[in-house]
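Structure assessment
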Amino acid sequence: MKAAYHYSPDFLHIAVVGSSGGGKSSFINAVRGLSNNDPIAAPTGIVETTDAVTRYTDPCQDSKIFWYDVPGAGTPNMPDWQYFNNLGLYIFDCIIVLIDNRFSDSDLAILQACEQFTNIEVFIVRSKSDQHINNMVLDRMPRGFDPFHADDESRSRFQQVKSEIRREFIDKTYQNVQTNLESNNIPPKRVYIVCKDAVHAIWNNSPSPMAIDEEELQNDVAEYVRRRLHRNVQN
Ligand SMILES: Nc1nc2c(ncn2[C@@H]2O[C@H](COP(=O)(O)OP(=O)(O)OP(=O)(O)O)[C@@H](O)[C@H]2O)c(=O)[nH]1
Ligand SMILES: [Mg+2]
């Protein structure tokens, strides 16, 4: 598997994994500073899109990271229990598990498999926060509400609802992931809530109003990379 994925001991290999359609390819594009419609971006879409593990370079100068886009779990092509072993995920130095709408059996199967490999660094990331917050806000507003054609009073109500929903979404997401980890005997772990546009915005040095944990995730991954490379040099 290491040979198949061109594993190089001088580099760190970060795989982005998770349920089909969870936003894995979009996340890799965003961390590489690309929009989904960029000609060199990883293909994305609303139907099952990534069908083979694909390696992408990191655009930072002298970077020692390779990003790996991985097909989605939990499809007829890739049942949960086969996913980790069949794709050889055990060779990666770091795995980013992208969780979409709900904590799924696929997410659980991946995290349980990761537990067997203590040398793999795992980050749990909740994707598409913008989409989920927007859906919840629109559900709470009167039917047919259109923020672009609303009067001042409705717009201010909209902003207030949005900020309440955002707080509720953040709290419930943190709580829900911890509850799922605990009930499946997986040690507690930080979850980072992100959306692709806010990850991409970090690249342009223009923080997004939608940002939640994107910057912390970037800093924590960078810190992990520094630590691991330092350890490699010492060994
Ligand atoms: N609103 C919103 N949409 C997103 C986000 N991330 C991904 N999407 C959309 O979700 C859909 C699926 O995204 P992909 O990146 O192709 O998902 P994937 O996990 O790589 O899919 P597979 O390779 O098929 O498993 C696309 O239409 C993306 O534009 C996000 O953060 N916010
Ligand atoms: Mg994909």
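What counts and what doesn't
Residues numbered from 1 in each chain as written. Chains lettered and ligands numbered in written order. Predicted model: local features only at pLDDT ≥ 70, side-chain atom pairs only at ≥ 80, totals over all residues. Heavy atoms only, no water. Helix = DSSP H or I, 4+ residues; strand = E, 2+ residues; numbered from the N terminus. Rg over C-alpha atoms; globule rule 2.2 N^0.38 Å. Buried < 20%, exposed > 50% of the residue type's maximum accessible area, 1.4 Å probe, protein only. Contact = heavy atoms within 4.5 Å. UniProt positions renumbered as here; feature names shortened; annotations may be inferred. Core = buried A, V, L, I, M, F, W, Y, C linked by side-chain atoms within 4.5 Å. Near = heavy atom within 4 Å. Polar contact = N/O pair within 3.5 Å; in protein donor to acceptor, adjacent residues only side chain to side chain. Areas by Shrake-Rupley, 256 points an atom, 1.4 Å probe, with all protein chains shown as cover. Nonpolar A, V, L, I, M, F, W, Y, C, P; charged D, E, K, R; others polar. Disulfide = S-S within 2.5 Å. Pairing = 2+ DSSP bridges. Axes fitted to C-alpha atoms, helices over the stretch in contact; angles between N-to-C directions. Parallel < 35°, antiparallel > 145°, perpendicular 65-115°, else oblique. Left-handed = near helix turned anticlockwise from the far one by under 90°.

**Some thoughts on the overall build of the protein chain**
- Each helix and strand in the protein chain was counted, giving 7 helices and 6 strands.
- In the protein chain, the succession of α and β elements from N to C terminus is β-α-β-β-α-β-α-β-α-α-β-α-α.
- A compact globule built from 235 residues should have a C-alpha radius of gyration of about 18 Å, and the protein chain, at 19 Å, falls within 12% of that.
- Principal-axis analysis of the C-alpha atoms places the extent of the protein chain at approximately 60 × 40 × 35 Å.
- Counting over 235 residues, the protein chain shows a buried share of 45%.
- Relative to all contacts within the protein chain whose residues are 6 or more apart in sequence, the contacts with residues 24 or more apart total 68%.

**Quick word on the UniProt feature "domain: IRG-type G" (unreviewed entry) in the protein chain**
- Under the local residue numbering, the UniProt record ascribes the feature "domain: IRG-type G" (unreviewed entry) to residues 10-216.
- In residues 10-216, the share of helix is 39% and the share of strand is 15%. The end C-alpha atoms are 25 Å apart.

**Considerations on the nonpolar core**
- Grouped together as the largest cluster of nonpolar side chains are 31 residues, with contacts concentrated most on Val-17, Tyr-83, Leu-89 and Ile-95.
- Secondary structure elements with two or more residues in this core: β1 (12-18), β3 (65-69), α2 (80-86), β4 (94-99), α3 (105-115), β5 (121-126) and α5 (152-183).
- Here the element with the most residues in this core is α3; it accounts for 5 residues.
- Among residues more than four places away in sequence, those in contact with Leu-89 are Val-17, Val-70, Tyr-83, Phe-84, Ile-95 and Ile-120.
- Counting residues in each nonpolar core, the second largest holds 23 residues, with Trp-67, Ile-96, Leu-217 and Val-225 among its members.

**Thoughts on the site of ligand 1**
- Taken together, 21 residues lie near ligand 1, and Lys-24, Ser-26, Thr-49, Thr-50 and Lys-196 sit nearest.
- Contact between ligand 1 and Gly-23: an oxygen atom at 2.9 Å from a main-chain N or O atom of the residue.
- Gly-72 has a polar backbone atom sitting 3.4 Å from an oxygen atom of ligand 1.
- For ligand 1, whose free accessible area comes to 660 Å², the fraction covered by protein is 88%.
- Of all elements in the fold, only α1 (24-31) and α4 (129-140) reach the threshold of two or more residues within the shell around ligand 1.
- Looking at which element gives the most residues to the shell around ligand 1, the answer is α1, with 3 residues.
- Considered class by class, the residues forming the shell around ligand 1 number 3 nonpolar, 13 polar and 5 charged.

**Notes on the state of the cysteines**
- Applying the stated criterion across every chain, the model contains 0 disulfides.
- The thiol of Cys-94 is unpaired, and the distance to the nearest cysteine sulfur, on Cys-114, comes to 9.5 Å.
- Of all cysteine sulfurs, the one in Cys-60 lies closest to Cys-195, which takes part in no disulfide; the gap is 20 Å.
- For Cys-195, a relative accessible area of 0% gives the class buried.

**Focus: the pairing of β4**
- Counting buried positions along β4 yields 6 of 6 residues, so the element is predominantly enclosed.
- The alternating pattern of β4 places Cys-94, Ile-96 and Leu-98 and Ile-95, Val-97 and Ile-99 on opposite faces, both of which are buried.
- Strand direction decides the pairing type here: β1 and β4, joined by 5 bridges, are parallel. Bridge pairing links Ile-14 to Cys-94 in β4.

**A word on the packing of α4 against α5**
- Contact pair α4 / α5: the axes reach a minimum separation of 9 Å and the direction vectors enclose 125°. Comparing the axis directions of α4 and α5 gives the class oblique. Handedness of the crossing formed by α4 with α5: right-handed. Here Ser-129, His-132, Ile-133, Asn-134, Met-136, Val-137 and Arg-140 of α4 come into contact with α5, specifically with Phe-158, Val-161, Lys-162, Glu-164, Ile-165, Arg-166, Glu-168 and Phe-169.

**With respect to the side chain of Ser-25**
- Residue position: Ser-25 is located in helix α1.
- Overall, the relative accessible area of 8% leaves Ser-25 in the buried class.
- Polar side-chain contacts of Ser-25 include one of 2.6 Å to the side chain of Asp-69.
- Those residues in contact with Ser-25, other than ones at most four positions away along the chain, are Ala-42, Pro-43, Thr-44, Thr-50 and Asp-69.

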